[in-house]
Amino acid sequence: MSIWSYANPRKFLDTTAPWVPWLMWLSAAVLAVGLVWGFFFTPEAERFGSSVKIIYLHVPSALMAINAWLMMLVASLIWLIRRHHVSALAARAAAPVGMVMTLIALVTGAIWGQPMWGTWWAWDPRLTAFLILFLFYLGYIALWAAIPDPDSAADLTSVLCLVGSVFAILSRYAVNFWNQGLHQGASLSLDSQENVADVFWLPLLVCMAGFVLLFFALVLLRTGTEIRARRISALRARARRAEPVRA
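Definitions and limits used
Residues numbered from 1 in each chain as written. Predicted model: local features only at pLDDT ≥ 70, side-chain atom pairs only at ≥ 80, totals over all residues. Heavy atoms only, no water. Helix = DSSP H or I, 4+ residues; strand = E, 2+ residues; numbered from the N terminus. Buried < 20%, exposed > 50% of the residue type's maximum accessible area, 1.4 Å probe, protein only. Contact = heavy atoms within 4.5 Å. Areas by Shrake-Rupley, 256 points an atom, 1.4 Å probe, with all protein chains shown as cover.

Asks: Can you help me understand the overall build of the protein chain in this one?
Replies: A tally of regular secondary structure across the protein chain gives 7 helices and 0 strands. Starting at the N terminus and ending at the C terminus, the protein chain contains elements arranged as α-α-α-α-α-α-α. Across the 247 residues of the protein chain, 41% fall into the buried class. A separation of at least 24 residues holds for 76% of the contacts in the protein chain among residues at least 6 apart in sequence. A total of about 13800 Å² of accessible surface is found on the protein chain, and carbon and sulfur atoms cover 68% of it.

Asks: Is there a simple way to explain unusual backbone geometry in this structure?
Replies: Most peptide bonds take the trans form, and the phi angle of most residues other than glycine is negative. You will see that R83, though not glycine, has its phi angle at about 60°, which is positive. Position of R83 relative to the elements: it lies in the loop between α3 (55-82) and α4 (85-117). Note on R83: relative accessible area 37%, which makes it partly exposed.

Here you go:
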């Protein structure tokens, strides 16, 4: 069976709808385990004290903020190349989820930065790239809402998604591109000297898994909602065209 068969809205709904409740419950359980483990059963860090525990929200949300945009990029490319409506609607569905993830990353970063850096905000390369990424999320959502024709909206938002992908990549690798700024390097690394200690690393992995599951659950739920909303709009337009013209 080809993966493109899921471009059929009915098949997509029939396949994904039963999974959404299970993903919701599973993500809630995994997140509960990870957050309780991280916040209540890990020690304070030597240099950071208890503020280090913000990583259990900050790192997973930042991860999903970037990967949500990259998922939108893939869906947008599928729309531009193959004109599958489900892919365009999936990109639209992912945007508010990614925007909230970006906002959580910015807010938790500010909460961590104030005691560590002595300021809530700094024009650090990674922070600035994340702020611009957040603005691209807002612009993407606003552009969908501003254009009444759904195909034209999908075309223009797909182009915007291509441009915004530059900042999604910069948000991930800004520290590597510019060896300056306040933001530390990656919390998870193959280099054992840069990676966080195992006592923090294991619950962090659990939290990241919970955020990934939550993202997929919300995107599937919202994509189904977008498909149904589009179908309702099409039926209403057909009904208006079928109405007799009054003299």
